[in-house]
Amino acid sequence: MQHGGVPELMIGLSYNGTTGRLQVDVIKGSHFRNMAMQRAPDTYVKLSLMGSGGAEMTRSKTSIRRGQPNPLYKETFMFQVALFQLPDVTLMVSVYNKRSMKRKEMIGWYSLGANNSGEEELSHWDDMRASKGELVCRWHILLES
């Protein structure tokens, strides 16, 4: 679902109930902008898996894509989530612009799972749960921080 000029990120989700593995594929972004400067941003994606109480269970991040408004990531991450935990976890997906050694700014975010950020995200999570291990890929609009 492409929307003109709105920052979006495509991810793929799959879950294997037998092994308890949640697979998250960070595929590609579109329309990433650097508000402060005229050039395209240096971006990376951070994935945080949150438990039912809101505490971070684990996190991962992609490598940085330099100067690309429509970066291709194609990175796969695995998280251990027991089947009984699946209804209670939240996957936070955040895109950052790395400005300098210590500075970073969030371009946007969305969340899937228990505390999803919208209907599209809820639908993607539910489709992943129903797909029995098949990868389900979708575009999601990034929300402003």
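Structure shown above.
As a starting point, this report considers the structure included with it.

Definitions and cut-offs
Residues numbered from 1 in each chain as written. Predicted model: local features only at pLDDT ≥ 70, side-chain atom pairs only at ≥ 80, totals over all residues. Heavy atoms only, no water. Phe/Tyr/Trp six-rings, centres within 6.5 Å; stacked < 30°, edge-to-face > 60°. Helix = DSSP H or I, 4+ residues; strand = E, 2+ residues; numbered from the N terminus. Buried < 20%, exposed > 50% of the residue type's maximum accessible area, 1.4 Å probe, protein only. Lys NZ or Arg CZ within 6 Å of the ring centre and 35° of its normal. Expected span 1.5 Å × (residues − 1). Contact = heavy atoms within 4.5 Å. Core = buried A, V, L, I, M, F, W, Y, C linked by side-chain atoms within 4.5 Å.

As for the packing of aromatic side chains
Under the definition given, this model contains one aromatic pair. Ring geometry for Tyr44 against Tyr96: centres 5.5 Å apart, planes inclined by 20°, an arrangement best described as stacked. Taken together, the residues Tyr44 in strand S3 (residues 43-50) and Tyr96 in strand S6 (residues 90-98) connect sequence positions 52 residues apart. Here Tyr44 matches Tyr96 in class, with each residue buried. Here the guanidinium or amino end of Lys61 rests over the ring plane of Tyr44, the centre of that ring lying 5.0 Å away. Cation over ring: Lys104 sits above Tyr96, and NZ or CZ is 5.0 Å from the ring centre.

Focus on helix H1 (residues 119-130)
With twelve residues, H1 should reach 16 Å at 1.5 Å per residue; the first-to-last C-alpha distance of 16 Å fits that figure. Structurally, H1 contributes buried residues whose contacts are with strand S1 (8-16), strand S2 (21-30), S6, strand S7 (104-113) and strand S8 (136-141). One or two positions beyond H1, positive phi appears at Lys132, with a value near 55°.

Overview of the nonpolar core
Ranked by size, the top nonpolar core spans 26 residues in total, and within it Leu9, Leu22, Leu47, Phe79, Leu91, Val93 and Trp125 carry the most contacts. Sorting the residues of this core by element identifies S1, S2, S3, strand S5 (72-80), S6, S7 and H1 as the ones contributing at least two each. Broken down by element, this core gets its largest block of residues, four residues, from S1. If we ignore the near neighbours within four places in the chain, the residues touching Leu22 are Ser14, Tyr15, Leu49, Phe77, Met78, Phe79, Val81, Trp125 and Met128.

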